[in-house]
Amino acid sequence: MKGIYLITGTSRGIGQAVAARLLATGNRVVGISRTPSPLDGKPGYRQVLGSLADTDWIETMLEGVKEDLDDDRIELLCLFHNAALVEPACAIEACIADDIRQHVAVNLTAPMLLTARFMAFFGGLELRKKVAFMTSGAAQMAFPDMALYCSTKAALSMFSQCLGQEQADQSHGFEIAAINPGMVESDMQKIARAKDPARFRPSEMFRGAKASGVVQDPETAARAICELLQARTEMGKTVSVTK
Ligand SMILES: NC(=O)c1ccc[n+]([C@@H]2O[C@H](COP(=O)([O-])OP(=O)(O)OC[C@H]3O[C@@H](n4cnc5c(N)ncnc54)[C@H](OP(=O)(O)O)[C@@H]3O)[C@@H](O)[C@H]2O)c1
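This one's a predicted model, so the numbers in the text were calculated from it and none came from an experiment. Chains are numbered independently. Their residues run from 1 in the order of the written sequence. Owing to the predicted nature of the model, reporting of local features is limited to residues with pLDDT of at least 70; listing and counting of side-chain atom pairs is limited to 80 or more, with chain, interface and lining totals taken over all residues.

Undergrad: Which residues make up the overall build of the chain, and what are the values?
TA: In this text, helices come from DSSP runs of H or I with a minimum length of four residues, and strands from runs of E with a minimum of two, each type numbered from the N-terminal end. From N to C terminus, the chain includes seven helices and seven strands. Its helices and strands in sequence order give the chain the pattern β-α-β-β-α-β-α-β-α-β-α-α-α-β, from N to C terminus. Its C-alpha radius of gyration of 17 Å places the chain within 12% of the 18 Å reference for a compact globule of 243 residues. Its C-alpha atoms give the chain principal-axis dimensions of roughly 55 × 30 × 30 Å. Our exposure labels follow a C-beta count within 10 Å of each residue's own C-beta, placed from the backbone: buried means 20 or more other C-beta atoms, exposed means 12 or fewer, and partly exposed covers the counts in between. Looking at the chain residue by residue over its 243 residues, the buried ones come to 38%. Radius of gyration here uses only the C-alpha atoms, and the compact-globule reference equals 2.2 Å multiplied by the residue count raised to the power 0.38.

Encoded structure:
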């Protein structure tokens, strides 16, 4: 199946690996990040340079995607909310206000805003359409010093479930999916492992996970994630990638 995938956070980590795999199998990717992806310049890839903390670029990007839809081989249009921040990761009283605002803006407000505009913009299109959210085990499991990350991921998971119910009985509606990738090697994992356990209590758990081999490489995770993006999964529910 050929698709157009709008993916946030393609400059590195899981987002880059997912985008690379989709391109290799003949799809088009519009990647959104503040720094350019190493994929910029590859056939089928278009880079949107922008921050999810400031979403002024959304309308221009959606207009550009509309032009890409002229290709009648396109069978799926998918928005994949992959980008997220783990910082600030510390006791809540040590977090400063601007960092809290930035975290919620990137992890929660931007996916909500972008989804709203994407669905309003392409709602009339008689094509398979999908919105997928990257969640985490942290959406269901509480950790000290990760209150912002756990809370924004839990909110995203509930957002996905509510949209799943809204779209379930629509003709030509949007498929809604949430994906928990499991632990995957990336800058986010490195940040978590490198932290001082006196300020970030889960750091030992992250180091232990790496030592015990449960952390997947991004390419392995990307293979499973791409299959889930292309599959029809239960509306709004989280599907987990397990090693
Ligand atoms: N790695 C894991 O073990 C793991 C486990 C569970 C869930 N997840 C989830 O998987 C997703 C990807 O994680 P990862 O580990 O690949 O993270 P990562 O390596 O830290 O990459 C994060 C990506 O998000 C982008 N990003 C961050 N802030 C942004 C902003 N303001 N505007 C636009 N883009 C921004 C970054 O691009 P720029 O910096 O260039 O903007 C980067 O491409 C996240 O949703 C994460 O919560 C990861």
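There is more to say after this.
Undergrad: Any details on the site of the ligand? Residues and values, ideally.
TA: In this entry, near means the residue's backbone-placed C-beta atom lies within 6 Å of the molecule or strand. The environment of the ligand is formed by 29 residues, the closest being G9, G13, R34, A84 and S186. Broken down by secondary-structure element, the contributors of at least two residues to the shell around the ligand are α1 (13-24), β2 (28-33) and α5 (187-194). Of the residues contributing to the shell around the ligand, the split by class is 13 nonpolar, 13 polar and three charged. Amino acid classes used here: Ala, Val, Leu, Ile, Met, Phe, Trp, Tyr, Cys and Pro are nonpolar; Asp, Glu, Lys and Arg are charged; the rest, including Gly, are polar.

Undergrad: Got a sec to walk through the sheet that holds strand β5 (residues 128-134)? Specific residues and values, please.
TA: With parallel pairing, the seven strands of this open sheet are ordered in space as β3-β2-β1-β4-β5-β6-β7. Of all strands in the sheet, those with a lone pairing partner are β3 (45-49) and β7 (238-240), marking the two edges. The mean angle between the axes of side-by-side strands here comes to 20 degrees, regardless of whether they run parallel or antiparallel. Taken together, the six bridges between strand β4 (residues 76-81) and β5 define a ladder with parallel strand orientation. Pairs of strands are assigned from DSSP output, requiring at least two bridges between the strands. To obtain each axis, a line is fitted to C-alpha atoms, and for helices this fit is confined to the stretch in contact; angles are then taken between N-to-C directions over 0 to 180 degrees.

Undergrad: Account for the pairing of strand β6 (residues 174-180), with residues named and values stated.
TA: Within β6, seven of the seven residues are buried, which leaves the element mostly enclosed by the surrounding structure. What you see with β6 is no split at all: F174, I176, A178 and N180 on one side and E175, A177 and I179 on the other are buried throughout. Here β5 pairs with β6 via six bridges, running parallel. Among the inter-strand pairings, K129 is bridged to a residue of β6, identified as F174. Pairing of β6 with β7, which is carried by three bridges, proceeds in the parallel orientation. Within β7, the residue paired with A178 across the bridge is T238.

Undergrad: Account for the pairing of β4, naming residues and giving values.
TA: The element β4 is extensively covered by neighbouring structure, given that five of its six residues are classed as buried. In terms of strand pairing, strand β1 (residues 3-8) meets β4 through five bridges, oriented parallel. Residue pairing across strands places G3 opposite L76, the latter belonging to β4. Assignment of crossover handedness uses the view with strands pointing away from the viewer, where a clockwise path from the first strand over the helix to the second indicates a right-handed crossover. Following the chain from β4 across helix α3 (residues 97-122) to the adjacent parallel β5, one finds a crossover that is right-handed.

Undergrad: Go over the nonpolar core with me, naming the residues and quoting the values.
TA: The term nonpolar core means buried Ala, Val, Leu, Ile, Met, Phe, Trp, Tyr and Cys residues held together as one set by C-beta atoms within 7 Å. Within the largest apolar cluster, 55 residues are counted, with the highest numbers of intra-cluster contacts made by Y5, V18, A19, F80 and A132. For this core, the leading source of residues is α1, giving six residues.

Undergrad: So, the environment of W57: which residues are in play, and what are the values?
TA: Residue placement: W57 occurs in the loop between β3 and α2 (58-68). A count of 14 C-beta atoms within 10 Å places W57 in the partly exposed class. Spatially, the C-alpha atom of W57 lies 27 Å from that of I96, the residues being 39 residues apart in sequence. Apart from residues lying up to four places away in sequence, W57 is in contact with V48 and G50. Contact between two residues is assigned whenever their backbone-derived C-beta positions fall within 7 Å.

Undergrad: Tell me about the environment of K190, residues and numbers included.
TA: With respect to the secondary-structure elements, K190 resides in helix α5. The class for K190 is exposed, based on 12 C-beta atoms found within 10 Å. For the pair formed by K190 and F206, sequence separation is 16 residues and the distance between their alpha carbons is 8.7 Å.

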